[in-house]
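As a plain string of letters, each chain reads:
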Amino acid sequence: QVQLVESGGGLVQAGGSLRLSCAASGRTNSRSFISWFRQAPGKERDFVAAIRWSSGNTYYADSVKGRFTISGDDAKNTVYLQMNSLKPEDTAVYYCARWPYRGSYSNPQAYDYWGQGTQVTVSS
């Protein structure tokens, strides 16, 4: 079992910043691959960013490249998503999830554990 708990969401004006946290516990290890997804009302859940814990390799959706940064803290077993230059279209519920190295990491159906989500609202 893996438990993922997100925090850090909130309301921010366009151009502002937020940092989301995803605290992992349970059967996690240095090989874990953790991603952030987001889902706006009435839309599909979309891939945002991912980190391969062992190597530190990161992956981003084109829509957030240059604005968002994903990072991990081994000591705290936590993955962060630093979001800068936020836009109203970034408004969504943000989820972190664990990829079990099966299927495509950009496909939400390939993930086996999810957090409960945290709301991010960007006002114009």
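What you see is a predicted model, and the numbers here were worked out from it, not measured in a lab.

### Re the nonpolar core
- Judged by nonpolar contacts, the single largest core of 34 residues is most densely connected at Trp36, Leu81, Met83 and Tyr94.
- Looking at this core, the elements with two or more residues in it are β1 (2-7), β3 (18-26), β4 (33-39), β5 (45-52), β7 (68-73), β8 (78-83), β9 (92-99) and β11 (118-123).

### Remarks on the environment of glycine 56
- Structurally, glycine 56 is set in the loop between β5 and β6 (58-60).
- Along the primary structure glycine 56 and serine 71 are separated by 15 residues, whereas in three dimensions their C-alpha atoms are 7.8 Å apart.

### Regarding the sheet that holds β3
- Pairing within the open sheet is antiparallel, and its four strands lie in the order β1-β3-β8-β7. Both edges of this open sheet fall to β1 and β7, since each of them pairs with a single strand only. The average undirected angle you get between the axes of adjacent strands in this sheet is 15 degrees.
- With six bridges connecting them, β3 and β8 associate as antiparallel partners. Counted as the bridge partner of serine 21 is tyrosine 80 from β8.

### Details of the pairing of β7
- For β7 and β8, the ladder comprises six bridges, and the chain directions are antiparallel. Paired with threonine 69 across the two strands is glutamine 82, which belongs to β8.
- Hairpin connection of β7 to β8: four residues between the antiparallel strands, including asparagine 77 at a positive phi of 50 degrees.

### What to know about the state of the cysteines
- Summed over all chains, the structure comprises one disulfide.
- Bridging cysteine 22 to cysteine 96, the disulfide has an S-S length of 2.1 Å. What sets the handedness of the cysteine 22 and cysteine 96 disulfide is the S-S torsion sign, and at about 75 degrees it is right-handed. With cysteine 22 in strand β3 and cysteine 96 in strand β9, the pair connects residues that are 74 residues apart, well separated along the chain.

### A short note on the pairing of β11
- By the alternation rule, side chains of β11 split into Thr118, Val120 and Val122, which are all buried, and Gln119, Thr121 and Ser123, of which none is buried.
- The sheet contact formed by strand β2 (residues 10-13) and β11 spans four bridges and is parallel. Within β11, the residue paired with glutamine 13 across the bridge is serine 123.
- When β9 meets β11, the two strands line up antiparallel, connected through three bridges. For tyrosine 94, the partnering residue across the bridge sits in β11 and is threonine 118.

### As for the pattern of salt bridges
- For the coordinates displayed, the defined rule picks out four salt bridges.
- Note that aspartate 62 is salt-bridged to lysine 65, the shortest N-O span being 3.2 Å.
- Look at aspartate 62 and you get exposed, because its relative accessible area is 65%.
- Between aspartate 90 and arginine 67 there is a salt bridge, and its shortest N-O distance comes to 2.7 Å.

About the cut-offs
Residues numbered from 1 in each chain as written. Predicted model: local features only at pLDDT ≥ 70, side-chain atom pairs only at ≥ 80, totals over all residues. Heavy atoms only, no water. Core = buried A, V, L, I, M, F, W, Y, C linked by side-chain atoms within 4.5 Å. Buried < 20%, exposed > 50% of the residue type's maximum accessible area, 1.4 Å probe, protein only. Helix = DSSP H or I, 4+ residues; strand = E, 2+ residues; numbered from the N terminus. Pairing = 2+ DSSP bridges. Axes fitted to C-alpha atoms, helices over the stretch in contact; angles between N-to-C directions. Disulfide = S-S within 2.5 Å. Salt bridge = Lys/Arg side-chain N within 4 Å of Asp/Glu carboxyl O.

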